[in-house]
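# Overview (structure and organization)
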Amino acid sequence: MIMHPGIKLRHIRAFLDIAAEGSLSSVARRQGISQPALSRTLAEMEDLLAVPLFRREKRRLVLTEEGAVFRRHASLGLQALEAGAAALRPGAGGGTIRVGILPTAATRLFPRVALRFRAAQPDTLLKIETGPHSYLLGLLREGQIDLMIGRMPVAGDMAGLAFEHLYEEEVVLVARAGHPMQAQPLPAILQSVPLILPPEGALIRRAVDDYLASLGLPTLRPAFETVALAVGRGILAESHAVWFISRGVIADELDRGAMTLLPTGARFLSGSVGITRRQAGPAVAGLDLLMRLCQDGAAQH
């Protein structure tokens, strides 16, 4: 079946943005158009394709099976078009995008996004900053980075900023594979071995402290504080220590079997991971493509 010639690039961009955000109103605000106009664009596209692309679940728009299939192909097609347009301007492709990456996205999500971006826009330099949340948030406010990828900032830090949700990620408790106490009750483990916690300024620390309080261990003192993979991995490998950390930081270690999960059973040990950017600021060439690749990467996460 050949795609209907009435489908325009504006239909594709609108569809991909709605698929990423699950909301007509937020996409309409970002694109500077009315919600009814965006709704008409989506309706036109569904009519031209002759399939429903979304279904409504509570207050969100969720892709149908057909919509998910179309999204994969539409995203790849748009990336190819943008790469083709960039290739026609070899002298204008030397731009720079400055990105702040928090540990939860630094190990798996962003490296894959960065490589896909490089393939699409090889002349654009990605300058990648890492560090604590407060440090990267300060760089974002000062205009020294263009966006930040990681945990959602607290409400009090959101003035002048916008957050786009990518996925939910849990905080987990891990130990080295073959830990001799892994079958024991968690309170006994936590009181018997060195404990690694996120630093006090880390966004996930409060949830971990609340969890420890729920176990009757509100004053349990950690032996170490870090969210750095190299440090935490080294300590676990050489000791019986256990570590509360975002799953994204140690996902590869779990897949390789180098670390093991100690189930907490706590559903509240999770939070939103996404893109934080300034609400107002100069346009940055390639930034929309980078964000779209992050959305695609999160969908596969």
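Overview of the structure. Given the structure is predicted, the values throughout are model-derived calculations rather than measurements.

Tallying each qualifying case throughout the model produces eleven salt bridges. With its nearest N and O atoms 3.2 Å apart, the salt bridge here joins Glu44 to Arg10. A residue pair is termed long-range when its members are at least 10 positions apart, and Glu44 in helix H3 (residues 35–49) and Arg10 in helix H1 (residues 9–21) qualify at 34 residues. Assessed through its relative accessible area of 34%, Glu44 is described here as partly exposed. Glu170 is the salt-bridge partner of Arg247, the closest N and O atoms lying 2.9 Å from each other. Residue Arg247 is found in helix H11 (residues 247–256), and its partner Glu170 is found in strand S6 (residues 161–176); the two are separated by 77 residues along the sequence. Judged by its relative accessible area of 36%, Glu170 is partly exposed. In the salt-bridge network here, residues are joined through shared partners; they are Arg108, Asp252 and Asp255.

Turning our eyes to something else, we now look at the packing of H1 against helix H2 (residues 24–31). Interaxial distance between H1 and H2 falls to 9 Å at its minimum, and their mutual angle equals 130 degrees. One element, H1, and the other, H2, form an angle in the oblique class. When you trace H1 past H2, the crossing you get is right-handed. When H1 is examined against H2, the residues Arg13, Ala14, Asp17, Ile18 and Glu21 are found in contact with a partner set consisting of Leu24, Ser26, Val27, Arg30 and Gln31.

Next up on the list: the pairing of strand S9 (residues 242–246). Counting buried positions along S9 gives five out of five residues, so the element sits mostly inside the fold. Side chains Val242, Phe244 and Ser246 project from S9 onto one buried face, and the interleaved Trp243 and Ile245 project onto a second face that is buried too. Relative to S9, S6 runs antiparallel, the two being bridged by five bridges. Paired with Val172 across the bridge in S9 is Ile245. The pairing of strand S7 (residues 195–197) with S9 spans two bridges and is parallel. Counted as the bridge partner of Leu195 is Val242 from S9.

Turning to its location among the elements, Asp252 is positioned in helix H11. As a C-alpha pair, Asp252 and Thr107 span 145 residues in sequence and 7.9 Å in three-dimensional space. Excluding residues within four positions of it along the chain, Asp252 makes contact with Thr107 and Arg108. For Asp252, the side chain forms a polar contact with the side chain of Arg108, separated by 2.5 Å.

A few words on the nonpolar core. Buried together is how nonpolar side chains tend to be arranged in soluble globular proteins. Val99, Phe110, Leu126, Ile149 and Leu290 are the most contacted members of the largest nonpolar core, which has 24 residues in total. Secondary structure elements with two or more residues in this core: strand S3 (96–101), helix H6 (109–120), strand S5 (147–151), S6, strand S11 (270–278) and helix H12 (287–299). A per-element tally of this core places H12 first, with seven residues. Among residues more than four places away in sequence, those in contact with Leu290 are Ile97, Val99, Phe110, Val113, Phe117 and Leu126.

Per the stated rule, a full pass over the model turns up four aromatic pairs. With a centroid separation of 5.6 Å and 55 degrees between ring planes, the pair formed by Phe15 and Phe54 is classed as tilted. Residue Phe15 is found in helix H1, and its partner Phe54 is found in strand S1 (residues 54–57); the two are separated by 39 residues along the sequence. The residues Phe15 and Phe54 share a single accessibility class, namely buried.

Let us look at the side chain of Ser23. With respect to the element layout, Ser23 can be found in the loop between H1 and H2. Of the polar contacts made by the side chain of Ser23, one reaches the side chain of Ser25; its length is 3.0 Å.

Positive phi, close to 65 degrees, is recorded for Ala50, a residue that is not glycine. Structurally, Ala50 can be placed in the loop between H3 and S1. Positioned with a positive phi, Lys58 is a non-glycine residue whose angle comes to about 60 degrees. A relative accessible area of 83% means that Lys58 is categorised as exposed.

Parameters at a glance
- Residues numbered from 1 in each chain as written.
- Predicted model: local features only at pLDDT ≥ 70, side-chain atom pairs only at ≥ 80, totals over all residues.
- Heavy atoms only, no water.
- Salt bridge = Lys/Arg side-chain N within 4 Å of Asp/Glu carboxyl O.
- Helix = DSSP H or I, 4+ residues; strand = E, 2+ residues; numbered from the N terminus.
- Buried < 20%, exposed > 50% of the residue type's maximum accessible area, 1.4 Å probe, protein only.
- Axes fitted to C-alpha atoms, helices over the stretch in contact; angles between N-to-C directions.
- Parallel < 35°, antiparallel > 145°, perpendicular 65-115°, else oblique.
- Left-handed = near helix turned anticlockwise from the far one by under 90°.
- Contact = heavy atoms within 4.5 Å.
- Pairing = 2+ DSSP bridges.
- Polar contact = N/O pair within 3.5 Å; in protein donor to acceptor, adjacent residues only side chain to side chain.
- Core = buried A, V, L, I, M, F, W, Y, C linked by side-chain atoms within 4.5 Å.
- Phe/Tyr/Trp six-rings, centres within 6.5 Å; stacked < 30°, edge-to-face > 60°.

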